[in-house]
Amino acid sequence: MTEIKYKFPEGFLWGGAIAANQSEGAWLEDGKKPQATDVMVGIITDGHTPGVKYNDEKKKFEIALHKDKEYLAHEAIDFYHRYKEDLKLMAGMGFNCFRTSISWARIFPNGDEIVPNEAGLKYYDDLFDTMLSLKMQPIVTITHFDTPLHLMMEYNGWSNRKMIQFFMNYCDVIFRRYGSKVKHWLTFNEINNIFRMPFAAGGVIPSHYDPESKDFSANYTQKELHQALHHAMVANAKCVKLFHELIPNGKIGCMIAGSHLATYPASCDPRDVLATLDARRNTFLFTDIMAAGVYPEYLWKKWEVEKITPVMHERDLEIIRTHTVDFIGFSYYYSNVCNVADGAEFFEGTLMKGSRKVKNPYINDFSPEPWSFPLDPLGIRYVLEEYTDRYHKPLFIMENGLGLAETEVPGQPINDPERIRFLEEHLKQVFLAIQDGCNVMGYLWWGPIDLVSSGTGEMRKRYGFVYVDRHNDGTGDLHRSIKQSYYRYKEIIENNGL
Ligand code: BG6
């Protein structure tokens, strides 16, 4: 028998994570209406405008999908109809939990209704029941890049305070309906992308929208983005409060894109070190608010100097201070390097500076082209330790994974040693962080079944242990097949370690 060197704590949660908007498809079925990413081909909008346009005559936005683009997420991998088969495959690896999101627009198709859509509610009842019957705890993200489009087109999304009430209605309905089935919840997926990808992550359409503009993101003003941030943060705290009242035996966390927390100074030049501190604030900012309950000093100063202080209600700050999350969930994919001399600003439109265009001379391993990013398992340990030192809260790895372009040869399982190595090396570092005292609740692989990439909207970037036959041009018969990595993850879970 193989010796288990990296044994995880009893009760460790092992599983995988997907999101409704990238897997379900059925984008207009059973009463659902469009949401943010339904009109996007990938959330990185550089040079690409989401499929909405402003109608000058009617003085309002309307949907205008680009005819030459493939919106793969509309059918995605058809998880909406095939979830029973897919969940069985997940349970086959021994998952004791599974993360997905509820599609907000299935429950409230427009977002501002009073009465929820029963067909949508029923779907998630069945989904969670199926998970439970397969001994997988559901871990549920309340919103994953899927603000109902109507709320964005009518109200400018989170830059409007009314969003808090719409969101709270939604939370109230889903907490009451699923509270007895779902014990682990996440508020917003990667809300720290609100400055980098305001449309998808923040549900904001720029108020000064210029249809001639080539760069959609340049239309946003800092004022409206910071106002949206404040509203989302108040909503986060109110949601936590309501959750604790309605589901006292559950846990609710935030979910942060954590890769940029693993940003290293390019040198020990104090200027690089200070710039790195600045860059990492892009990520810490959000946990400072949601996990520690405070807006940091530098943010107040920025607001004052740039005259962009958000409008706040009297009790907002107290609510944020009092209702912090129970745990910190985060994703980790790669690390970054910050170099002042280089000066490259990767975080366009965000708070501070930073750069991942600088190559780390100590990392020689990159994920294959064209998504090439540095493979740095130590980075995940660094993030775990940093979060622990700063907030002293339980942590949950909500996403970690490797996207590869893979081709299926019928009858043979896809051989994916790079994915297996990625998995093993990251898990070793998670184990070491636990040895150092980090309280890690669980580990979720991103995309245990191939799905539509969020960044670029394509199928070609596959993360799965399970292959799905769908391609960038929309072809494929959607059949599923198991890759080699499936068996390795199963073995790791069976042994509760490596
Ligand atoms: C995370 C998101 O940022 O990264 C997921 O929460 C996303 O939605 C994942 O899919 C991987 O990114 P990508 O662009 O490769 O799909």
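My aim in this report is to walk through the structure given alongside it, one point at a time. (Residues numbered from 1 in each chain as written. Predicted model: local features only at pLDDT ≥ 70, side-chain atom pairs only at ≥ 80, totals over all residues. Heavy atoms only, no water.)

### Let's talk about the side chain of Ser-103
In step 1: If you trace the backbone, Ser-103 turns up in the loop between strand 4 (97–101) and helix 3 (104–107).
In step 2: Ser-103 gets classed as buried once you look at its relative accessible area, which sits at 3%.
In step 3: Contact partners of Ser-103, with chain neighbours within four places excluded, come to Ala-20, Glu-24, Lys-32, Tyr-124, Asp-146 and Tyr-170. (Helix = DSSP H or I, 4+ residues; strand = E, 2+ residues; numbered from the N terminus. Buried < 20%, exposed > 50% of the residue type's maximum accessible area, 1.4 Å probe, protein only. Contact = heavy atoms within 4.5 Å.)

### Digging into the packing of aromatic side chains
In step 1: Counting across every chain of the model gives 42 aromatic pairs.
In step 2: With 5.0 Å between their ring centres and 90° between their planes, Phe-175 and Trp-185 make a pair best called edge-to-face. One end of the pair, Phe-175, is in helix 6 (residues 162–178); the other, Trp-185, is in strand 6 (residues 184–189), with ten residues separating them in the sequence.
In step 3: Judged by its relative accessible area of 0%, Trp-185 falls in the buried class.
In step 4: Ring geometry for Tyr-295 versus Trp-303: centroids 5.0 Å apart, planes at 70°, classification edge-to-face. (Phe/Tyr/Trp six-rings, centres within 6.5 Å; stacked < 30°, edge-to-face > 60°.)

### Observations concerning the nonpolar core
What tends to happen in soluble globular proteins is that the nonpolar side chains get buried as a cluster.
In step 1: Of all hydrophobic cores here, the largest spans 156 residues; its most connected members are Trp-158, Phe-167, Phe-175, Trp-185 and Phe-199.
In step 2: Considering every element that reaches this core, the biggest residue donor is helix 8 (residues 222–246), with twelve residues.
In step 3: Excluding anything up to four places from it in sequence, Phe-199 contacts Ala-36, Val-39, Met-40, Pro-50, Val-52, Leu-149, Met-152, Val-204, Ile-205, Phe-216 and Tyr-220. (Core = buried A, V, L, I, M, F, W, Y, C linked by side-chain atoms within 4.5 Å.)

### Some details on the site of the ligand
In step 1: Within the structure, the ligand sits among 13 residues, and Glu-190, Ser-454, Gly-455, Lys-461 and Tyr-463 are positioned closest to it.
In step 2: Separating an oxygen atom of the ligand from a side-chain N or O atom of His-144 is a distance of 2.8 Å.
In step 3: Within the side chain of Tyr-333, one N or O atom sits 3.4 Å away from an oxygen atom of the ligand.
In step 4: Summarising the interface, the protein chains cover 89% of the accessible area of the ligand, which totals 380 Å² for the free molecule.
In step 5: Residue composition of the shell around the ligand, grouped by class: four nonpolar, six polar and three charged. (Near = heavy atom within 4 Å. Polar contact = N/O pair within 3.5 Å; in protein donor to acceptor, adjacent residues only side chain to side chain. Areas by Shrake-Rupley, 256 points an atom, 1.4 Å probe, with all protein chains shown as cover. Nonpolar A, V, L, I, M, F, W, Y, C, P; charged D, E, K, R; others polar.)

### Some thoughts on the sheet that holds strand 5 (residues 137–143)
In step 1: Taking strand neighbours around the barrel as the criterion, the eight strands line up as 1-4-5-6-7-9-11-12 in a closed arrangement whose pairing is parallel. Across the sheet, the mean angle separating the axes of adjacent strands is 25° when strand polarity is ignored.
In step 2: Two strands pair when backbone bridges link them, and strand 9 (residues 327–331) and strand 11 (residues 395–399) are joined in this way by four bridges, in the parallel orientation. Each bridged residue has a counterpart across the sheet, and for Gly-329 the counterpart in strand 11 is Phe-396.
In step 3: This element, helix 8, spans strand 5, strand 6 and strand 7 (251–257) of the sheet and lies at about 170° to strand 6. (Pairing = 2+ DSSP bridges. Axes fitted to C-alpha atoms, helices over the stretch in contact; angles between N-to-C directions.)

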